[in-house]
Amino acid sequence: MILSQRQLEEIAASTTKDFNRFFFGDEADKPDRSALPTPIDQFAKNYLGLRVSFARLSPDGSICGVTAYADTEYKITELGITRTLALKRNQVILDESFIRSGNVQRLCAKRRFTLAHECAHQILFQLESEEVKASCEMKYSARTAYTPRELKTREDWNEWQANVLGAAILLPQKEVDLAMCQFTETPLKNYEGRFSYHDHLTLRLFCRLFGVSKTTASIRLRQLGYMVDRPFSEYVDPLEVW
């Protein structure tokens with residue numbers, strides 16, 4: 001199943017709207033309310049019924065999380081020794097580095113995105129045909145730390161779709177609209193990674209509100225028209241004295 005960006009946005013919108021009513025109650029339907037960031041842990045556990053745990057998933061930290069559609073096994077080889085983790089249906093295992101001492105706050109945004117990514121895999125799996133479900137049931141889906149590359153295989157498309165849907169679940173368009181209406185009147189200007197003081201402050205407030213990284217926020221804001229790119233040559237530091 002290959003879905004477009006628009007279709008993934010529609011899935012995210014309908015899912016988060018239903019979840020917000022489930023989790024926030026009447027607050028979700030108030031016309032003058034503030035933005036409601038998605039509490040992804042509750043979304044995974046209480047709404048999707050996923051069991052979330054932590055374990056060491058790779059020797060180099062490249063695997064951030066895995067999820068399974070049926071009972072299966074996940075194997076990890078380290079220093080020549082292979083360990084087997086039992087991976088149950090509707091279970092998500094996140095790498096234990098996320099809860100290691102000193103990392104809980106530092107890696108919070110990465111953990112939240114990883115969990116949203118795995119939630120997206122589970123949602124997309126439920127939308128597949130029965131034939132595809134049967135062929136995928138004994139597989140697991142791993143959230144890998146990789147750089148963007150060409151989408152050549154079905155697995156590439158699956159990962160892209162899970163990334164897009166996961167981001168739209170963490171940052172639903174309606175909630176982003178409400179937040180940006182509160183924070184600023186104009187799109188943020190990105191001068192090749194540099195921002196004006198006001199835009200930098202807005203981006204920090206946005207990241208703090210939604211619990212996401214600057215990279216995730218920038219990609220999503222750009223998608224929704226709240227960030228525009230400008231060449232660095234146009235950047236003017238208002239604090240610079242001539």
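Here is a short report on the structure shown in this document. (Residues numbered from 1 in each chain as written. Predicted model: local features only at pLDDT ≥ 70, side-chain atom pairs only at ≥ 80, totals over all residues. Heavy atoms only, no water.)

**Quick word on unusual backbone geometry**
A positive phi angle, close to 60°, is found at Asn 90, a residue other than glycine. With respect to the helices, strands and loops of the structure, Asn 90 is situated in the loop between strand E4 (81–87) and strand E5 (91–95). The phi torsion at Glu 192 lies on the positive side, around 55°, for a residue other than glycine. Turning to its location among the elements, Glu 192 is positioned in the loop between strand E7 (188–190) and helix H7 (197–210). Taking the relative accessible area as the measure of exposure, Glu 192 reaches 61% and is therefore exposed. (Helix = DSSP H or I, 4+ residues; strand = E, 2+ residues; numbered from the N terminus. Buried < 20%, exposed > 50% of the residue type's maximum accessible area, 1.4 Å probe, protein only.)

**Things to note about the packing of aromatic side chains**
For the structure shown, the criterion picks out 12 aromatic pairs. Ring geometry for Phe 232 versus Tyr 235: centroids 5.9 Å apart, planes at 15°, classification stacked. Judged by relative accessible area, which is 16%, Tyr 235 ranks as buried. By the ring-pair criterion, three or more aromatic residues cluster together here, those being Phe 19, Phe 22, Phe 23, Phe 24, Phe 43 and Tyr 47. (Phe/Tyr/Trp six-rings, centres within 6.5 Å; stacked < 30°, edge-to-face > 60°.)

**Some points on the side chain of Thr 202**
Counting through the fold element by element, Thr 202 comes out in helix H7. Excluding residues within four positions of it along the chain, Thr 202 makes contact with Met 180, Phe 183, Thr 184 and Leu 188. (Contact = heavy atoms within 4.5 Å.)

**A closer look at helix H8 (residues 214–223)**
Taken as a whole, H8 has its buried residues at Thr 216, Ala 217, Ser 218, Arg 220 and Leu 221. Once H8 finishes, Gly 225 follows within two positions and takes phi at roughly 85°, a positive value.

**Comments concerning the pairing of E5**
Taken across its five residues, E5 has five buried, putting it largely inside the fold. Of the pairings in the sheet, the one linking strand E1 (residues 51–55) to E5 comprises five bridges and is parallel in character. Looking at the pairing, Phe 54 lines up with Leu 94 of E5. Across three bridges, the pairing between strand E2 (residues 63–68) and E5 is antiparallel. Along E5, the bridge assignment pairs Gly 65 with Leu 94. (Pairing = 2+ DSSP bridges.)

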